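# A look at the structure
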Amino acid sequence: MSNIVIRPATPADLDTITEIYADAVANGTASYELEPPARAEMETRFAALSAGGFPYLVAEKGGVLGYAYAGAFRPRPAYRFIVEDSVYVAPGAKGQGVGLKLMRSLIEAVEAAGFRQIVAVIGDGRADSASVRLHEKLGFRHSGRLEGSGYKHGRWLDTVFMQLSLNGGASVAPDPDSLPERKFRGRN
């Protein structure tokens, strides 16, 4: 999979992104949505993240194989230095390193923007889940678990929180020139 290109997503990618996410919603437990959103909703979500300056990436090799993005962890302004990541891979591309490539690029983009923490909120966070293993491989540490927080496909699911510190994490003061601080101060 060495010829995979990671690049910013564009609106032209949304049909495939919608298909990938629809499969994850219908057949998986990573998302707690029960009905796959329509393309129009995915376009709205994409536009909101893009307008916020958040990274939204696709992995491509003869078509889109997966996507990853970061968005606000919570809307309150004190959370502005923390983002939540999401990564989804097409069924036929799973197990080939696509998620790892996407996440490495996403981490680089988030760090370059000046964020301090990336939080992964992992549905069905069993120790053997692909998402938990991926985040562990990338240096994320376990930071919490909500037991029985979701019910999907006839069973209760735990939600696992994992996080990765960047740019000094909580050990240094915020960078006034970082994206989150510029946005907060109205200096996009």
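Below: a short report on this structure. (Residues numbered from 1 in each chain as written. Predicted model: local features only at pLDDT ≥ 70, side-chain atom pairs only at ≥ 80, totals over all residues. Heavy atoms only, no water.)

### Looking at unusual backbone geometry
- If you check the backbone angles, Asp-124 has positive phi at about 50 degrees while not being a glycine.
- Checked against the element boundaries, Asp-124 lands in the loop between strand 5 (117–123) and helix 4 (130–137).
- Within the chain, Asn-167 stands out as a residue other than glycine whose phi angle is a positive 50 degrees.
- Mapped onto the elements of the fold, Asn-167 is located in the loop between strand 7 (155–165) and helix 5 (179–184).
- Asn-167 sits in the partly exposed class, given a relative accessible area of 30%. (Helix = DSSP H or I, 4+ residues; strand = E, 2+ residues; numbered from the N terminus. Buried < 20%, exposed > 50% of the residue type's maximum accessible area, 1.4 Å probe, protein only.)

### Here's the deal with the environment of Val-5
- Along the chain, the position of Val-5 falls in strand 1 (residues 5–8).
- Val-5 sits in the partly exposed class, given a relative accessible area of 43%.
- Each C-alpha atom, one on Val-5 and one on Lys-61, is 6.5 Å from the other, the two residues being 56 residues apart in sequence.

### So, helix 3 (residues 98–113)
- Its 16 residues place the ends of helix 3 23 Å apart at the C-alpha level, agreeing with the 22 Å of an ideal helix rising 1.5 Å per residue.
- Among the residues of helix 3, those classed as buried are Val-98, Gly-99, Leu-100, Leu-102, Met-103, Leu-106, Ile-107, Val-110 and Ala-113. (Expected span 1.5 Å × (residues − 1).)

### Points about the nonpolar core
- Core analysis: the largest hydrophobic core is formed by 48 residues, its most contacted members being Ile-17, Tyr-67, Val-98, Met-103, Ile-107, Val-110 and Phe-140.
- The biggest single contributor to this core is helix 3, with eight residues.
- Among residues more than four places away in sequence, those in contact with Met-103 are Asp-85, Val-87, Leu-134, His-135, Leu-138 and Phe-140. (Core = buried A, V, L, I, M, F, W, Y, C linked by side-chain atoms within 4.5 Å. Contact = heavy atoms within 4.5 Å.)

### Regarding the pattern of salt bridges
- As enumerated under the stated definition, the model contains twelve salt bridges in all.
- Residue Arg-7 is joined to Asp-13 by a salt bridge in which the shortest nitrogen-to-oxygen separation is 2.8 Å.
- According to the relative accessible area criterion, Asp-13 is buried, its value standing at 5%.
- Where Glu-60 meets Arg-7, a salt bridge forms, and the shortest distance between an N and an O atom there is 3.0 Å. Within this pair, whereas Glu-60 is found in strand 2 (residues 56–60), its partner Arg-7 is found in strand 1, the two being separated by 53 residues in sequence.
- Several salt bridges share partner residues, and in doing so they unite Asp-124, Arg-126, Asp-128 and Arg-155 into one network. (Salt bridge = Lys/Arg side-chain N within 4 Å of Asp/Glu carboxyl O.)

### Details of the sheet that holds strand 3 (residues 64–72)
- Taking strand neighbours across the sheet as the criterion, the seven strands line up as 1-2-3-4-5-7-6 in an open arrangement whose pairing is mixed. Strands at the two margins of the open sheet, each flanked by one partner only, are strand 1 and strand 6 (141–152). Going from strand to strand, the sheet's axes swing by 25 degrees on average, the running direction of each strand aside.
- Taken together, the eight bridges between strand 6 and strand 7 define a ladder with antiparallel strand orientation. When the bridges of strand 7 are listed, Lys-152 appears paired with Arg-155.
- Across the sheet, helix 2 (residues 39–51) is in contact with strand 2 and strand 3; its angle to strand 3 comes to roughly 55 degrees. (Pairing = 2+ DSSP bridges. Axes fitted to C-alpha atoms, helices over the stretch in contact; angles between N-to-C directions.)

### Re the packing of aromatic side chains
- Tallied over the full model, the rule gives nine aromatic pairs.
- For the pair Phe-54 and Phe-115, a centre-to-centre distance of 6.0 Å together with 25 degrees between the ring planes defines the contact as stacked. Taken as a pair, Phe-54 in the loop between helix 2 and strand 2 and Phe-115 in the loop between helix 3 and strand 5 lie far apart in primary sequence, 61 residues in all.
- Centroid distance Phe-73 to Tyr-79: 5.6 Å. Interplanar angle 70 degrees. Geometry classified as edge-to-face.
- In this structure Phe-73 comes out as buried when scored by relative accessible area, which is 14%.
- According to the relative accessible area criterion, Tyr-79 is partly exposed, its value standing at 35%.
- Within the aromatic cluster, the residues linked to one another by ring pairs are Tyr-21, Phe-46, Tyr-56, Tyr-67, Tyr-69 and Tyr-88. (Phe/Tyr/Trp six-rings, centres within 6.5 Å; stacked < 30°, edge-to-face > 60°.)

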